[in-house]
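Chain and residue survey
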Amino acid sequence: MFSAFLKRAGEQLKNELPFVIYRKPKESLVKGILQKDDQLHYASDYTEKGFVFAPFDKKEQTILLLLDEGLSADFEPKEPSVRTKDRLSREDVEEKEFHLDLIQKGIEYIIAGNLQKVVLSRKIEIGNTESPFSLFNKLLITYSNAFCYLWYHPRVGMWLGATPEILLRAENNRVTTMSLAGTQTYKGNDNPTWGKKELTEQQLVTTYITNVLENKVSDINVSNVESIRAGQLLHLRSKITAKYNNNLDEIICSLHPTPAVCGMPLELAKQFISQNENYHRGFYTGFLGELNHREEIERNRSNRNQENKSYKAIKIATELFVNLRCMQLKEGNVHIYVGGGITKDSDPKKEWLETVAKSNTMLNILD
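The rules behind these values
Numbering of residues starts from 1 in each chain and follows the order in which that chain's sequence is written. Totals for whole chains, interfaces and linings use every residue, but because this is a predicted model, local features are given only for residues with pLDDT of at least 70 and side-chain atom pairs only at 80 or more, for both listing and counting. Water and hydrogen atoms play no part in the side-chain values, which are based on all heavy atoms of the structure. We call a residue buried when its accessible area falls under 20% of the maximum for its residue type, exposed when it is over 50%, and partly exposed in between, using a 1.4 Å probe and counting protein chains only. We count a stretch as a helix when DSSP gives it H or I for four or more residues in a row; a strand needs E for two or more, and each element gets its number in order from the N terminus. Here, any two strands with at least 2 DSSP bridges between them count as paired. Polar contact is defined as a pair of N or O atoms within 3.5 Å, subject to the rule that within protein one atom must be able to donate a hydrogen and the other to accept it, and that residues adjacent in sequence are counted only when both atoms are side-chain atoms. Pairs of residues are marked as contacts when any of their non-hydrogen atoms sit within 4.5 Å. To get an axis, fit a line to the C-alpha atoms, keeping to the stretch in contact for a helix; angles then go from 0 to 180 degrees between the N-to-C directions. In summary, the pairing rule links any two rings of Phe, Tyr or Trp, Trp by its six-membered ring, whose centres are within 6.5 Å, and it sorts them by plane angle into stacked for under 30 degrees, edge-to-face for over 60 and tilted for everything else. Geometrically, a charge over a ring is one whose NZ (Lys) or CZ (Arg) sits within 6 Å of the ring centre while staying within 35 degrees of the ring normal.

**Here's the deal with the pairing of strand β7 (residues 147-153)**
- With respect to burial, β7 is a largely interior element, seven of its seven residues being buried.
- Of the two faces of β7, the one lined by Phe147, Tyr149, Trp151 and His153 and the one lined by Cys148, Leu150 and Tyr152 are each fully buried.
- In this structure, strand β1 (residues 19-23) lies alongside β7, joined through five bridges in antiparallel fashion. Residue isoleucine 21 lies in a different strand from β7, and its bridge partner there is leucine 150.
- Where β7 and strand β8 (residues 157-163) come together, seven bridges link them in antiparallel fashion. Within β8, the position partnered with leucine 150 by the bridge is leucine 160.
- Counted between consecutive antiparallel strands, the loop separating β7 from β8 contains three residues.

**Focus: the side chain of serine 227**
- As for its position among the elements, serine 227 is in strand β12 (residues 226-230).
- Note on serine 227: relative accessible area 19%, which makes it buried.
- Side-chain polar atoms of serine 227 contact the side chain of tryptophan 194, separated by 2.9 Å.
- Among all residues touching serine 227, those that are not within four sequence positions of it are Asp190, Asn191, Pro192, Trp194, His235 and Leu236.

**Details of the sheet that holds strand β17 (residues 326-330)**
- Ordered in space as β5-β2-β1-β7-β8-β17-β18-β6-β14, the nine strands form an open sheet in which the pairing is antiparallel. Two strands in the sheet have a free side with no partner beyond their single neighbour: β5 (69-74) and β14 (263-264).
- Helix α1 (residues 2-14) rests against β1, β2 (29-34), β5, β7 and β8 of the sheet, and its axis sits at about 145° to β5.
- The strands touched by helix α2 (residues 93-111) are β6 (117-127) and β18 (333-342); relative to β6, the strand with the most contacts, the crossing angle is about 170°.

**As for the pairing of β8**
- Counting buried residues in β8 gives seven out of seven residues, a clear majority hidden from the surface.
- Burial along β8 is two-sided: the residues Gly157, Trp159, Gly161 and Thr163 and Met158, Leu160 and Ala162 are all buried.
- Bridge count between β8 and β17: four bridges; the pairing is antiparallel. When the sheet's bridge partners are listed, glycine 161 is paired in β17 with cysteine 326.

**Overview of the packing of aromatic side chains**
- Across all of its chains, the model carries 19 aromatic pairs by this definition.
- Relative to phenylalanine 287, the ring of tyrosine 46 has its centre 6.3 Å away and its plane inclined at 45°; by these criteria the two rings are tilted. Of this pair, tyrosine 46 sits in the loop between β2 and β3 (50-54) while phenylalanine 287 sits in strand β15 (residues 287-303), and the two are 241 residues apart along the sequence.
- Given a relative accessible area of 8%, tyrosine 46 falls into the buried group.
- Of the residues examined, phenylalanine 287 reaches a relative accessible area of 2% and is grouped as buried.
- For the ring pair phenylalanine 53 and tryptophan 151, a centre distance of 4.5 Å and an interplane angle of 45° mean the geometry is tilted. Of the two residues, phenylalanine 53 sits in strand β3 while tryptophan 151 sits in strand β7, which places them 98 residues apart along the sequence.
- With relative accessibility at 0%, the residue tryptophan 151 sits in the buried group.
- Joined through ring pairs, the aromatic side chains of Tyr22, Phe51, Phe53, Phe147, Tyr149, Trp151, Trp159, Tyr279, Phe283, Tyr284, Phe321 and Tyr337 make up one cluster.
- The ring of tyrosine 186 carries the charged tip of arginine 229 above its face, separated from the ring centre by 3.8 Å.

Dropping the structure here:
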């Protein structure tokens, strides 16, 4: 039962031991990974097995939770979805002015020919008295199409989120990733008209991903651009698939961070962010997920002389998600992180309002 699942995770938290509980998009099964001690473990080459949590800055180490104990339970919501009416977050005049100035500085830097795109973000701090498990429960109810998670390590902290973006899925020497960029508020139309700024931004990400993968994979295929819904927001997405040969480490390091969370050219965009954003992103716009998990698939095999028999196929799969629409729970407060892609066609006021809309993903689950 799900209540027993949460109780076991709660015991882990009470004992100050690392754990993560999570549900993949469009699934009902909630999984948990519990580590038996409070040691910090790190992924070195992504051949390890467990659950990884990586920061935005790849110079910092990727944390690995060991799969010492696994949990799972089906989640069936017993209450209606949390109300997701758009609302303006508490506006701090000084914070707003800083972010508007930051965006304008980014636009000018792009027009001067230094960058094609840069992703600029901000942090919102709000008091909170709800338990992390109550917040996680609300995420599960409200965002069925997102990767919902609650992650904790006593030496690092606690993070919670509902992200719509896959970094990659790898299995049987096939890898799938996506180009996700461009944002507008959902207004009842699943296929709206998109502006030049959003279409250009999404194409920049697609081109970048295919270029960095070109010499590392084969048979690259890019799907048509489509609009996808994530809560009360819409984004542009293209799926990208390819074949690879045991070089998952190389592929992950090439994809992270993508222009969708950093910018182009990558290193210059990272430098601009570190010098101008005025805070440390930590795990925001990093990635997280299952690393080299064993999966069993039930199949039916027919035989002329026997009745159909089922058998299990075993595969090893990795599924990683970009850490967007997230918050950090810290000392009675929550830190909510939001941002947006800036190009030469950006309008600072519209970009500010986009971050306000994105902040509602987390604000809507807070009392």
